[in-house]
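In case you want the letters, here they are:
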Amino acid sequence: MDRRCLVVADDPDLLDALLRIAAAADMEAQRAIDAADARRAWARAPAVLLDRAGAVRCREAGFGRRGSVVIVVTGEPAAEDWRAAVALGADRVVQLPAGEAALAGMLADVRDRAGGAPGRVLAVVGGCGGAGASVLATAVAVGAARAGSAALLVDCDPLGGGLDLLAGIEEEAGLRWPGLTVGDGRVQAASLRGALPRVVSGRAELSVLSCARSPHGPEPAAVGAVLDAGRRAGGTVVCDVPRYPTDAALTAVAAADLTVLLVPATLRAGAAACRVADVLAEHAQVVELVVRGPSPGGITPGEVASCLGLPLLHAMRPARGLAGALERGRVPGAGRSALSVAARVLRDRLGALDVAHRAAS
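In this text, all values refer to a predicted model and were calculated from it rather than measured experimentally.

**Considering unusual backbone geometry**
Next up, step 1: For the bond running from Leu 96 to Pro 97, omega is 5°, close enough to zero to count as cis.
Next up, step 2: Note on placement: Pro 97 falls in the loop between strand S5 (92-96) and helix H5 (100-114).
Next up, step 3: Residue Gly 293 is joined to Pro 294 through a cis peptide bond whose omega torsion reads 5°.
Next up, step 4: For Pro 294, the location among the structural elements is in the loop between strand S12 (287-292) and helix H12 (301-308).

Okay, structure coming up:
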């Protein structure tokens, strides 16, 4: 697919406006001077912008219906505009200048999708307090970034202390949840990445959307918009989700392609995780289990999985020295350890679900 949107417009003022809006959305534009020129790019362009005359020409030329077609007019749309929209399969008829922001947002979304296949969302939930879900979520996101993915780490736990602190970027300028406003239910992925603080390790960059040191967490609609933006960008989105079922937490779990429940191999942790597993079963698409050792009483990972009724994804070995490393500012998942192994297992499982989903679609 071409990365340039196709513009077919005769009106010079409207043409200038469309080229400016495309530039604001960081998308290159290709102008077609006639129907024959437009035909060559009609199928492969990620988006098509038509003025009234351009829509008529494309309709009369018998162009097939396709997605991401927008007819742009000044003044009120006429009946002819709607007929052309139906014939060409146009998503909408946009009136300028009132619809300029919406059109720029639509182009930014299309640009994100044109980068490749949609990304995948992982939710990590602790089965009890102190299970280590935040650490594991961060390690997965760090590993994804190092593997070349456009990784985004999303903090959905307002009482967790802030993932920016765990990632060692608490002093970095950038957007946190309290500063994010979602007006129309959509977030532009490129704008979001540019506004967030990042963990930089060599060539790898991990964007982090953290809660602030306040009890007020993100709104459910904002969580949904951010995860959708991350998915459109084609990368790996990892959510640190609290075990208590807030509306924002349930939104993240419902959107996730894979939800991982992390449970220490102790009796009390297993009992607490039973309640969490029941909630996840109602809202998550796929729930699998990671059991963290060692077990003081000799409980096996298989026994924990059997008790919870969940498939065992990974039995995590003890991560010796992890607590001290975190206190010294080491970013989780940055080295070779049991934690890094567990993080890689989760990334591989998310990738396997992605392959299965594409094969089925």
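**So, the pattern of salt bridges**
Next up, step 1: Counted under the stated rule, the structure contains 13 salt bridges.
Next up, step 2: Note that Arg 59 and Glu 80 form a salt bridge whose closest N and O atoms lie 2.6 Å from each other. Residue Arg 59 is located in helix H3 (residues 52-60), and its partner Glu 80 is located in helix H4 (residues 79-88); the two are separated by 21 residues in the primary sequence.
Next up, step 3: Overall, the relative accessible area of 26% leaves Glu 80 in the partly exposed class.
Next up, step 4: For Glu 80, the salt bridge goes to Arg 83, with nearest N and O atoms at 3.0 Å. Within this pair, Glu 80 and its partner Arg 83 are both found in helix H4, separated by 3 residues, close to a single helical turn.
Next up, step 5: On the accessibility criterion, Arg 83 (48% relative accessible area) is partly exposed.

About the criteria used
- Residues numbered from 1 in each chain as written.
- Predicted model: local features only at pLDDT ≥ 70, side-chain atom pairs only at ≥ 80, totals over all residues.
- Heavy atoms only, no water.
- Helix = DSSP H or I, 4+ residues; strand = E, 2+ residues; numbered from the N terminus.
- Salt bridge = Lys/Arg side-chain N within 4 Å of Asp/Glu carboxyl O.
- Buried < 20%, exposed > 50% of the residue type's maximum accessible area, 1.4 Å probe, protein only.

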